[in-house]
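Examining the three-dimensional arrangement
The lines below spell out each chain.
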Amino acid sequence: MKILIVGAGPVGLATALELAHHGVKAELIEKRSGPSEFSRAVGIIPLTRYNLRHEGVGEAIFNEAMRWTHFQIYRGEKTLLDLDLRDKIKPEEAVLGLPQDRTETLIREGLARLGVTTHYNTEATNITTTDEQATVTFADGRVESYDWVLACDGKHSSMREQLGIAYPGYDIPEQWSIADIDMDDSFDCSRIRFWIQGEHGHMATCLPIEKYRARALSSTPDALATIPVDLGVKRVRRQGTFTISVRQAETYRQGRVLLAGDAAHCHSPIGGRGMNLGIDDAIAAAHAILQDTVEYYSAERHAVGAKILKTTESLRKKLSSEKLTDKAFLSLALGAVQNIEALHGGLIRQIGAL
Ligand SMILES: Cc1cc2nc3c(=O)[nH]c(=O)nc-3n(C[C@H](O)[C@H](O)[C@H](O)COP(=O)(O)OP(=O)(O)OC[C@H]3O[C@@H](n4cnc5c(N)ncnc54)[C@H](O)[C@@H]3O)c2cc1C
């Protein structure tokens, strides 16, 4: 079987790993000149670790990542939640924190063990498809036909656009921001802290990704200025703003092309699900091809994606809502979680399965 994977982000890499583990070596291309050093996704849920279990990748992620087990949520000065689940859940149930570039490196190492390499500086510029094959033109003029093409080429997927697959949804007007920071040893790297600030419900969070390294993220243009406590910042490795879109492709399949990852859906980083959802698509796409069940892929994954988009959007709106009723409901709900121990294990599983 001749398969092309367009895009070597986490989703393209995960697709290649799953296929290679089952004996199918796909051609994996990436238009960048080398691996990305940027880390967007930092949260890894247990399902993703399981999805990446082949060639020791999941285990390597588990060994290297931070375990996120202590959650604190504040509104202004008030603590809404302070939950330390360290001794209440099994280590393998924890959500893990690891920079996306490290996750990608560990998958690439697993792929190397299976003899699959990424072809960098290789861009797909055009695609057409029939029910029998997809034909791709590359930037160097090469034209090649494939049994299957996996479009894992991100939110601005040119493969999706060239096939005329609509990507309906909306763009959130606010500018959000991230900063990757090194901290001094006053930093408590065991805690995830989340602040809701001011009457407009601006959000900010600090997510540990290494012992003295964290990701600050905010729904404002300046994450570090929005975090109301001294984090003991020693160095800002990188910071920037970005905008959020909430969109989903109307279909994940056309002819011999399957969409997966951000090419198929995008949403806010609240809940940290983008990469996790995309890697789950990757496994489903690989299995659909291997087991000859591709006719179900689009409907099944579209339904899963739609549910995640709905949940993450509802959570984003609730957290930032200016309505008194929403604020009161959130305080009550978090108070119940805080005080009813039986809910603690459920909460962490909920975070992992959001
Ligand atoms: C600030 C921020 C924080 C986030 N935090 C989280 C989080 O905590 N947890 C989480 O799960 N998700 C998170 N996400 C989302 C996550 O980063 C994305 O969902 C994930 O990177 C999508 O992976 P992908 O492989 O689908 O696409 P991408 O990572 O965008 O990769 C696509 C690749 O395709 C390549 N490409 C594009 N076109 C072509 C072409 N024509 N030919 C060849 N190559 C091509 C690109 O160069 C790129 O490398 C976050 C996102 C942001 C912006």
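Cut-offs used in this document
- Residues numbered from 1 in each chain as written.
- Predicted model: local features only at pLDDT ≥ 70, side-chain atom pairs only at ≥ 80, totals over all residues.
- Heavy atoms only, no water.
- Phe/Tyr/Trp six-rings, centres within 6.5 Å; stacked < 30°, edge-to-face > 60°.
- Helix = DSSP H or I, 4+ residues; strand = E, 2+ residues; numbered from the N terminus.
- Buried < 20%, exposed > 50% of the residue type's maximum accessible area, 1.4 Å probe, protein only.
- Lys NZ or Arg CZ within 6 Å of the ring centre and 35° of its normal.
- Domains from an automatic or database assignment.
- Contact = heavy atoms within 4.5 Å.
- Buried area = accessible area lost by both parts, 1.4 Å probe.
- Salt bridge = Lys/Arg side-chain N within 4 Å of Asp/Glu carboxyl O.
- Polar contact = N/O pair within 3.5 Å; in protein donor to acceptor, adjacent residues only side chain to side chain.
- Nonpolar A, V, L, I, M, F, W, Y, C, P; charged D, E, K, R; others polar.
- Pairing = 2+ DSSP bridges.
- Near = heavy atom within 4 Å.
- Areas by Shrake-Rupley, 256 points an atom, 1.4 Å probe, with all protein chains shown as cover.
- Axes fitted to C-alpha atoms, helices over the stretch in contact; angles between N-to-C directions.
- Left-handed = near helix turned anticlockwise from the far one by under 90°.

Description of the packing of aromatic side chains
Applying the stated criterion to the full structure yields three aromatic pairs. For the ring pair Tyr74 and Trp195, a centre distance of 6.0 Å and an interplane angle of 15 degrees mean the geometry is stacked. Of this pair, Tyr74 sits in strand 5 (residues 70-75) while Trp195 sits in strand 14 (residues 191-197), placing them 121 residues apart in sequence. Since its relative accessible area comes to 16%, Tyr74 is described here as buried. On the accessibility criterion, Trp195 (2% relative accessible area) is buried. Plain terms: the ring middles of Tyr252 and Tyr297 are 6.3 Å apart, the flat faces sit at 55 degrees to each other, and that makes the pair tilted. One end of the pair, Tyr252, is in the loop between strand 17 (233-248) and strand 18 (253-254); the other, Tyr297, is in helix 8 (residues 294-320), and 45 residues separate them in sequence. In this structure, Arg142 packs its charged tip against the face of Phe138, placed 3.9 Å from the ring centre.

Some remarks on the domain arrangement of the protein
In terms of domain boundaries, the protein breaks down into domain 1 (3-67 + 97-171 + 245-320) and domain 2 (172-244 + 323-353). Look at where the C-alpha atoms of domain 1 and domain 2 centre, and you get two points 27 Å apart. Listed per partner, the contact involves 25 residues of domain 1 and 29 residues of domain 2. Sorting the residues of domain 1 by area buried against domain 2 places Met66, Lys318 and Leu319 first, and these three jointly supply 27% of that buried surface. Summed over the shared surface of domain 1 and domain 2, the number is zero salt bridges. Inspection of the region where domain 1 meets domain 2 yields one residue pair in polar contact (both at pLDDT 80 or more). At the level of secondary structure, the elements contributing two or more residues to the side of domain 1 that touches domain 2 comprise strand 13 (169-183), strand 17 and helix 8. Sorting elements by how many residues they give to the side of domain 1 that touches domain 2 places helix 8 first, with five residues. Counted by class, the side of domain 1 that touches domain 2 contains twelve nonpolar, six polar and seven charged residues.

A look at the pairing of strand 14
Counting buried residues along strand 14, seven of its seven residues qualify, which places the element largely inside the surrounding structure. Here strand 14 shows a buried face lined by Arg191, Arg193, Trp195 and Gln197 and a second buried face lined by Ile192, Phe194 and Ile196. Looking at chain direction, strand 14 and strand 15 (residues 202-210) are connected through five bridges and run antiparallel. From the neighbouring strand, Phe194 faces strand 15, where its bridge partner is Thr205.

As for the site of the ligand
The full set close to the ligand counts 30 residues, and Glu30, Arg32, Arg40, Asp262 and Met275 are the nearest of them. In the environment of the ligand, an oxygen atom lies 2.6 Å from a nitrogen or oxygen atom belonging to the side chain of Glu30. With respect to the ligand, the side chain of Gln100 contributes an N or O atom lying 3.1 Å from an oxygen atom. In the complex, the protein chains occlude 89% of the 1000 Å² of accessible area that the ligand would expose alone. Among the elements of the structure, helix 1 (10-21) and helix 7 (274-290) are those that each provide at least two residues to the shell around the ligand. In terms of residue count, helix 7 provides more of the shell around the ligand than any other element does, three residues in total.

What to know about the environment of Gln72
Mapped onto the elements of the fold, Gln72 is located in strand 5. For the pair Gln72 and Val229, spaced 157 residues apart in the sequence, the C-alpha separation amounts to 13 Å. Discounting residues that sit within four places of it in the chain, Gln72 has contacts with Leu81, Asp82, Arg191, Ile192, Arg193 and Phe194. Polar side-chain contacts of Gln72 include one of 3.2 Å to the side chain of Tyr74.

Structural notes on the packing of helix 1 against helix 7
It is at 8 Å that the axes of helix 1 and helix 7 come closest, and there the two elements cross at 35 degrees. In this structure, helix 1 meets helix 7 at a crossing whose hand is right-handed. Contacts between helix 1 and helix 7 pair Pro10, Val11, Ala14, Thr15, Glu18 and Leu19 from the former with Met275, Gly278, Ile279, Ala282, Ile283, Ala286, His287 and Leu290 from the latter. When the residues that make up the contact of helix 1 with helix 7 are grouped by side-chain class, the tally is ten nonpolar, three polar and one charged.

Considering the pairing of strand 11 (residues 143-146)
The side chains of a regular strand alternate between both faces of the sheet. Relative to strand 11, strand 10 (residues 134-138) runs antiparallel, the two being bridged by four bridges. Pairing of Val136 across the sheet is with Glu144, part of strand 11. Between the antiparallel neighbours strand 10 and strand 11 lie four residues, among them Gly141 with a positive phi of about 95 degrees.

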